[in-house]
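In case you want the letters, here they are:
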Amino acid sequence: MSLTPQLLPYSLGENVTAFSTMRLGGVSMGNYAEFNINYYCGDNVANIEANRQSLCHLLGIDGHHLVYPHQVHGIEIRQIGTDFPTLPSLTKQKLLEGVDAVMTDVNGICIGVSTADCIPILLYDEQNHACCAVHAGWRGTMQRVVQHAIHAMQVAYHTRPADLQAVIGPGISLENFEVGDEVYEQFAKAGFPMDIIARRYEKWHIDLWECNRIQMTDLGISPQNTFISGICTYSEADRFFSARRLGINSGRIFTGIMMVS
């Protein structure tokens, strides 16, 4: 069976491909159906590999040029260089362990992060020909992982935040992200504007989209250069994976970016 992955594309320029995968167009089954390429969520390995091959074929790359980390809800960022695709598999696995953002200035390498309610963020610096993919769950958001990623791009590529284009991909919305008082208190103690990013229903709800948008704006990314998909994974679990709706033993969205020239 030959299936084509269904992608949600983002327009960042002629020389860059950016997207989030949807659930359709793969071979995985059950709560992994249909399109999942993540090895860390319990899916059948043969189905994962078949889906990876389909995505790579669509992107025009081989599997060595598709890079995503094993995320731990932290702030570790890994720079992907020209030699990365040729490294031994175990070396690559170790380099990507415990990492929540990946960045590169190399053409033809698709970097990305995996999410299923957490917030995926893409950053593109056309001026210095560099890009970054960031995984921002509530813990990473609270630790300001996207700001750490921007600072890392400044060091590695001389990125100016004002030159960055940003995408906030599908993730859980404020309406559906209910949290306990202890999570609310952690955000408050971390200095977030709770009157803006939180709302009380029966319990507290937090707007992770807005949390990350504020962080990027505070560092100088123009609101005009920030695209928010506005897609709630919890509400649209038929099209995008949602761990809160499907359970943790389910597929993951892959949000990737690749510079092509």
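Our structure is the block above this text.
Scope of this entry: the structure provided in the associated data block. (Residues numbered from 1 in each chain as written. Predicted model: local features only at pLDDT ≥ 70, side-chain atom pairs only at ≥ 80, totals over all residues. Heavy atoms only, no water.)

**Remarks on the sheet that holds strand 5 (residues 101-104)**
Hydrogen bonds along the backbone pair up the strands of a sheet, which may run parallel or antiparallel.
(1) Moving on: The strand order across the open sheet built from six strands is 4-5-8-7-9-13, with neighbouring strands paired in mixed fashion. In this open sheet, the two strands that pair with only one neighbour each are strand 4 (77-80) and strand 13 (226-228). Averaged over all pairs of adjacent strands, the angle between their axes in this sheet comes to 15°, without regard to strand direction.
(2) Moving on: Examined bridge by bridge, strand 4 and strand 5 share four bridges and lie parallel to one another. Each residue of the ladder has a partner; that of Ile-77, found in strand 5, is Ala-101.
(3) Moving on: Sheet contacts for helix 4 (residues 145-157): strand 4, strand 5, strand 7 (119-125), strand 8 (130-136) and strand 9 (164-168); angle to strand 8, the most-contacted strand, approximately 160°.
(4) Moving on: Where helix 7 (residues 208-218) meets the sheet, it contacts strand 7, strand 8, strand 9 and strand 13, and its direction lies at approximately 25° from that of strand 7. (Pairing = 2+ DSSP bridges. Helix = DSSP H or I, 4+ residues; strand = E, 2+ residues; numbered from the N terminus. Axes fitted to C-alpha atoms, helices over the stretch in contact; angles between N-to-C directions. Contact = heavy atoms within 4.5 Å.)

**Notes on the sheet that holds strand 14 (residues 253-259)**
(1) Moving on: A sheet is described by the order of its strands in space; here five strands give the open sequence 1-2-14-6-3, paired in mixed fashion. Sheet topology places strand 1 (7-10) and strand 3 (66-67) at the edges, where each strand pairs with a single neighbour.
(2) Moving on: As paired strands, strand 2 (residues 16-21) and strand 14 are joined by five bridges and run antiparallel to one another. What sits directly across from Thr-17, in strand 14, is Met-258.

**Comments concerning the pattern of salt bridges**
(1) Moving on: A full pass over the atoms with the stated rule returns six salt bridges.
(2) Moving on: Residue Arg-78 pairs with Glu-76 through a salt bridge whose shortest N-O separation is 3.5 Å.
(3) Moving on: The exposure class of Glu-76 is partly exposed, given its relative accessible area of 39%. (Salt bridge = Lys/Arg side-chain N within 4 Å of Asp/Glu carboxyl O. Buried < 20%, exposed > 50% of the residue type's maximum accessible area, 1.4 Å probe, protein only.)

**Comments concerning helix 5 (residues 181-189)**
(1) Moving on: Inspection of helix 5 places Val-183, Tyr-184 and Phe-187 among the buried residues, and these make up the whole buried set. Taken around the axis of helix 5, the buried residues stretch over an arc of 100°, which confines them to a single face. Counted as exposed and oriented over 90 degrees from the buried face of helix 5: Glu-182 and Lys-189.
(2) Moving on: Contacts made by the buried residues of helix 5 are with helix 3 (138-142), strand 10 (178-179), helix 6 (194-197), strand 11 (198-200), strand 12 (204-206) and helix 7.
(3) Moving on: The positive-phi residue at the C-terminal boundary of helix 5 is Gly-191, with phi of around 90°. (Arc of directions from axis to C-beta.)

**Overview of the packing of aromatic side chains**
(1) Moving on: Counted according to the given criterion, the structure contains six aromatic pairs.
(2) Moving on: Taken together, a centroid distance of 6.1 Å and an interplanar angle of 55° make the contact between Tyr-10 and Phe-227 tilted. In this pair, Tyr-10 is assigned in strand 1 and Phe-227 in strand 13, connecting sequence segments 217 residues apart.
(3) Moving on: A relative accessible area of 7% means that Tyr-10 is categorised as buried. (Phe/Tyr/Trp six-rings, centres within 6.5 Å; stacked < 30°, edge-to-face > 60°.)

**Structural notes on the nonpolar core**
(1) Moving on: By size, the foremost hydrophobic cluster in this structure holds 41 residues, and its most contacted members are Ile-121, Leu-123, Phe-187, Ile-197, Ile-206 and Met-216.
(2) Moving on: Per-element accounting of this core gives the leading share, seven residues, to helix 4.
(3) Moving on: Not counting chain neighbours up to four residues away, the residues in contact with Met-216 comprise Ile-121, Leu-123, Val-146, Ile-150, Ala-166, Ile-168, Ile-221 and Thr-226.
(4) Moving on: Membership of the second largest hydrophobic core comes to 29 residues, among which are Tyr-10, Phe-84, Val-99 and Leu-122. (Core = buried A, V, L, I, M, F, W, Y, C linked by side-chain atoms within 4.5 Å.)

**A closer look at the side chain of Arg-252**
(1) Moving on: Examined against the element boundaries, Arg-252 turns out to sit in the loop between helix 8 (243-246) and strand 14.
(2) Moving on: Within the local environment of Arg-252, its side chain forms a polar contact with the backbone oxygen of Ile-248, the two atoms lying 3.1 Å apart.
(3) Moving on: Those residues in contact with Arg-252 that sit more than four places away from it in its chain are Thr-21, Phe-35, Asn-36, Asn-38, Cys-41, Ser-114, Thr-115, Ala-116 and Phe-241. (Polar contact = N/O pair within 3.5 Å; in protein donor to acceptor, adjacent residues only side chain to side chain.)

**Structural notes on the state of the cysteines**
(1) Moving on: Applying the stated criterion to the full structure yields zero disulfides.
(2) Moving on: Here Cys-41 stays unpaired: no disulfide links it, and the sulfur of Cys-118, its closest cysteine neighbor, is 13 Å away.
(3) Moving on: Its relative accessible area of 4% is what places Cys-41 among the buried residues.
(4) Moving on: Of the cysteine sulfurs around Cys-211, a residue in no disulfide, the closest is that of Cys-118, at 13 Å.
(5) Moving on: Taking relative accessible area as the criterion, Cys-211 reaches 0% and is therefore assigned buried. (Disulfide = S-S within 2.5 Å.)

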